[in-house]
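One-letter residues, chain by chain:
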Amino acid sequence: QSNETIDFTFGFNSDVHHALIGGSTGSGKSVLLHDLIINGALLYSPEQLQFILLDYKEGTEFKLYEDLPHIKVLSIASEAEFGISIFEFLVDEIALRGDLFKKYQVGNLHEYNQKSKEALPRYLIIIDEFQVLLNGKGSGPIKVASLMEDISRRGRSFGVNMILSTQSLGDV
């Protein structure tokens, strides 16, 4: 138990690109996720920050945010196939933003938003019990791992950040 304040900053001038939150039941993972969502919504407008919230636990963790204007996607009964479609959307969004960045000759979201007339929001993807997407047989888990790797490598510059939460990595 610590009372230390920790700044959690994504984006311009930040060394933080993505986050993995782990811990046992009752360790405060959900509290942290809620703090990040609430503080993000308080500090940034929906035009600056949009959330993609996927819940693979019981489907109830993020329901209370359904009317939050910052929500791009809210899935409270997530299926693995839906998660794959979200990652595919994000990879496509990174490619689209890459074309826009080339047009404006910029290297990141901050520079693009300064130069262009249409600012793009940062996407913060929060997935509770993400390891469910990596479990199982067949091509699904392999595809998810590949898409997640791509987003983790290229997403930062394009304003796409992930926070993955889990109780255990043992099954991955």
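Values in this document were obtained by computation on a predicted structure and should not be read as measured data. (Residues numbered from 1 in each chain as written. Predicted model: local features only at pLDDT ≥ 70, side-chain atom pairs only at ≥ 80, totals over all residues. Heavy atoms only, no water.)

Asker: Lay out helix H4 (residues 140-154) with the relevant residues and their values.
Answerer: Since there are 3.6 residues in each turn of an α-helix, residues three or four apart along the chain are aligned in direction. The end-to-end C-alpha distance of H4, which contains 15 residues, comes to 21 Å, matching closely the 21 Å that a straight helix rising 1.5 Å per residue would cover. Inspection of H4 places Pro141, Val144, Leu147, Met148, Asp150 and Ile151 among the buried residues, and these make up the whole buried set. Where H4 is buried, its residues meet helix H2 (80-104) and strand S5 (160-166). (Helix = DSSP H or I, 4+ residues; strand = E, 2+ residues; numbered from the N terminus. Expected span 1.5 Å × (residues − 1). Buried < 20%, exposed > 50% of the residue type's maximum accessible area, 1.4 Å probe, protein only. Contact = heavy atoms within 4.5 Å.)

Asker: I'd like to hear about the nonpolar core, residue by residue, with values.
Answerer: Ile52, Phe87, Leu90, Ile125, Ile127 and Ile151 are the most contacted members of the largest nonpolar core, which has 29 residues in total. Looking at this core, the elements that each hand over two or more residues are strand S2 (49-55), H2, helix H3 (109-115), strand S4 (122-128), H4 and S5. Among the elements that take part in this core, H2 stands out by supplying seven residues, more than any other. Excluding residues that lie within four positions of it along the chain, Phe87 makes contacts with Ile127, Leu133, Val144, Leu147, Met148, Ile151 and Met162. In terms of nonpolar packing, the next biggest core, distinct from the first, is built from 15 residues, Ile21, Ile37, Ala41 and Phe62 among them. (Core = buried A, V, L, I, M, F, W, Y, C linked by side-chain atoms within 4.5 Å.)

Geometry only, nothing functional implied.
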